[in-house]
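# Fold and contact review
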Amino acid sequence: MLTRIPLDPTWRLKAVAGPTPTEIIGREFDAPVPGDVHTALERAGAIPDPVIDNNEQLLRWIGETSWEYNTGLPEHPELATAECIDVVFHGVDTIARADINGETRASSRNMHRTWRAPAPEVATGGGHLTVTIESPIEVGEAERRRLGDRWSVFSPISPFLRKKACDFGWDWGPSLPGAGIWRTAEIQAWSTARIDALRPTARLVDGDGVVFLDVDLVRTDAGRAVPLEIVVELGEASTTIPVPAGENRVRGEVRVARPELWWPAGLGPQVLHTLVVSVRAAGVVLDERTQKIGFRELVVDQEPDAVGVSFGVTVNGERMFIRGFNWIPDDTSVALVTESDYRQRIAEAQALGANLIRVWGGGVFEDDAFYNACDEAGMLVWQDFLFACAAYPEEGPFTEEVEAEARDNVSRLMHHASLAIWNGNNENLWFWFLHDWQTVLEGRSWGEGFYFDVLPRVV
C-alpha cells in the first residue's frame, strides 16, 4: 500500500541572492511549511506586517531575492522494500529546484502544480533536502525581455509567470510578490503501481446514478509486466476493471439504482456518496483514493433568443436565479487560510443569500477544503482558470505549463458536486476589444489559444 509520511512542518529559511538588507544577510529563520517567506520573516520579527501602511513598498526586496528552504529527510528503514520513494510537493511558489544531499532531483516553474523529487535516501539513511526558489521579479523580467511586453492592468511581470497574479498587487490588495512552499510536502513510498489521476464523472441515466471513471496509473519498471485490477466501490455497488500488463489508462463505470440527489442549498438536501477506487495486484491493495461525489444533472442553458444567447443554470430540472460573489484569496498568505476559514466565509455568503461563488482568475485553484465545504453547503462554484486582466504569452515553455496545470487541477477538482462552471479567464476577451489589443500587441500572442483550444480540450 502506498505510504505517506509528512515532512517536518518547520523548515529553515535563508536569503541566498538579491538585494537583501544587512540585518537579514547570513541569518536563518524558522519557516512554516505550508507557508511563505513573508510569514516566516514577520513571525521572526525581522519585518513589519506586510499589509500595514506602505510596507508593501518597503518589502519589495523580498520578491527581488532568491530564497533557500532546508530540512532534514528522516530515515525510514521500513521503506527499504519500496520500489519508489518520492518527496511530493503539492505547491511551491514558484521557480524552484529541489536538491537532496546536494544533487538536483526536480524543478518547477509553476505555483499551481504538484511535483515529485525521487528520494531513495529515505530508506537508507535520510539526508538533507534543499528547495531553492528564484526571485519571481527577476525571472519575470527576464521572460518579459525574451518574449516582449504584454498588456496588463496591474503588473508588467505577472503575465510571464504561472504565479497568482494578485501577488503583484490589485485594486483590492497589496503588491507582495514572494516565495514559499505554500502547500504540504510529504514522502510517498510505493511499489508496482500507483494512481496518478482519478477522474470520475457522475451522471443520471434513466433515473440511475452512473459514475464514469477515467484512471491514470504510473508503474515502476518491475510493475510494467504485472496485470492489475481497479476495484470501484460506491455504497453497496461495486465493480472490478481488469488492467492488462503494460496498460496505464483505464476506463469503466459503476451504477447505483435510483440514488438520492445532490441539490444546491434551498432546493433540496446535499447528499454525497463515498467513492473508493483502489488499484490491486493479486488481491493486494497498492494504492487507494476516496472521494465524495454527488448525483445531479446540472446544465448551463445557452439558448438563442431575441437579443443573443441566454445564460442560465438548471439543476435537476429546476431553473435557478443565480446570486453570488467573486472569491479572491482569503489572505495575502494563502497558506494561512484554514478549513474553518473556508467554512465561515461560505456560511457568511449563504447568510447574505448567495447560491454561487466564483473563484476568480487572479488567485489560485483553492484547497480541497474549500470545494468540500461548498459540496456540503450546497454552494455552486464557478471556477476560473488562472488568467486575469492581461495578455499572456503562448510561447514555450509557458504553454506546456498551462496545459499541465489545467490537467492537474481539472483532474483534482472535477468530482465535486458543487463545481458548476469552468471559465477560461477574467476579462481578457473583453480587454481585446476594450484596449485595442489587435493594434497594441502588434501581433504578439495574448492567450487566445488557451481560451479557444487548450483549456476547452483539457476540460
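First things first, this report covers the structure right here in the doc. (Residues numbered from 1 in each chain as written. Predicted model: local features only at pLDDT ≥ 70, side-chain atom pairs only at ≥ 80, totals over all residues. Heavy atoms only, no water.)

Turning our eyes to something else, we now look at the side chain of Gln188. The residue Gln188 is located in strand S12 (residues 185-190) in this model. Here the side chain of Gln188 touches Arg116 through a polar contact of 2.7 Å, side chain to side chain. Discounting residues that sit within four places of it in the chain, Gln188 has contacts with Leu2, Thr3, Arg4, Cys84, Ile85, Asp86, Val88 and Arg116. (Helix = DSSP H or I, 4+ residues; strand = E, 2+ residues; numbered from the N terminus. Polar contact = N/O pair within 3.5 Å; in protein donor to acceptor, adjacent residues only side chain to side chain. Contact = heavy atoms within 4.5 Å.)

A water-sized probe rolled over the atoms picks out the places where empty space is left. Overall, the coordinates contain 2 cavities of 30 Å³ or more when judged by the stated rule. Counted as a void, the largest cavity has a volume near 80 Å³. Along the walls of the largest cavity sit Ile95, Arg109, Glu143, Phe160, Leu161, Arg162, Pro397, Phe398 and Glu401, which together make up its complete lining. Every residue lining the second largest cavity is listed: His112, Ser158, Leu161, Arg162, Lys163, Lys164, Ala165, Gly361, Gly363, Leu386 and Tyr392. In the lining of the second largest cavity, the residues fall into 4 nonpolar, 4 polar and 3 charged. (1 Å grid on protein atoms, 1.4 Å probe; cavity = no way out; pocket = protein on both sides within 12 Å on 5 of 7 lines; lining within 4 Å. Points joined across faces, edges and corners; volume = space filled by probe spheres on them. Nonpolar A, V, L, I, M, F, W, Y, C, P; charged D, E, K, R; others polar.)

Along the chain, Asp221 turns up in the loop between strand S14 (208-219) and strand S15 (228-234). We classify Asp221 as exposed; its relative accessible area is 61%. Sequence-wise, Asp221 and Glu83 are 138 residues apart; in three dimensions their C-alpha atoms are separated by 8.8 Å. A polar contact is formed between the side chain of Asp221 and the side chain of Arg224, at a distance of 3.1 Å. (Buried < 20%, exposed > 50% of the residue type's maximum accessible area, 1.4 Å probe, protein only.)

All right, on to the packing of aromatic side chains then. Scanning the model with the defined rule gives 26 aromatic pairs in all. When the ring of Phe450 is compared with that of Tyr451, the centres are 6.4 Å apart and the planes differ by 75 degrees; the resulting orientation is edge-to-face. Its relative accessible area of 1% is what places Phe450 among the buried residues. What makes Tyr451 buried here is its relative accessible area of 9%. An aromatic cluster is defined as three or more aromatic residues linked by ring pairs; in this entry it consists of Trp151, Phe387, Tyr392, Phe398, Trp430, Phe431, Trp432, Trp437, Trp446, Phe450 and Tyr451. Over the face of the ring belonging to Phe387 we find Arg162, whose NZ or CZ atom lies 4.5 Å from the ring centre. Above the plane of the ring of Trp190 lies Arg194, whose end atom (NZ or CZ) is 5.0 Å from the centre. (Phe/Tyr/Trp six-rings, centres within 6.5 Å; stacked < 30°, edge-to-face > 60°. Lys NZ or Arg CZ within 6 Å of the ring centre and 35° of its normal.)

This paragraph deals with the pairing of strand S4 (residues 66-73). Among the 8 residues in S4, 7 count as buried, and that is most of the element. When S4 meets strand S9 (residues 127-133), the two strands line up antiparallel, connected through 7 bridges. The residue bridging Gly72 from the neighbouring strand is His128, located in S9. (Pairing = 2+ DSSP bridges.)

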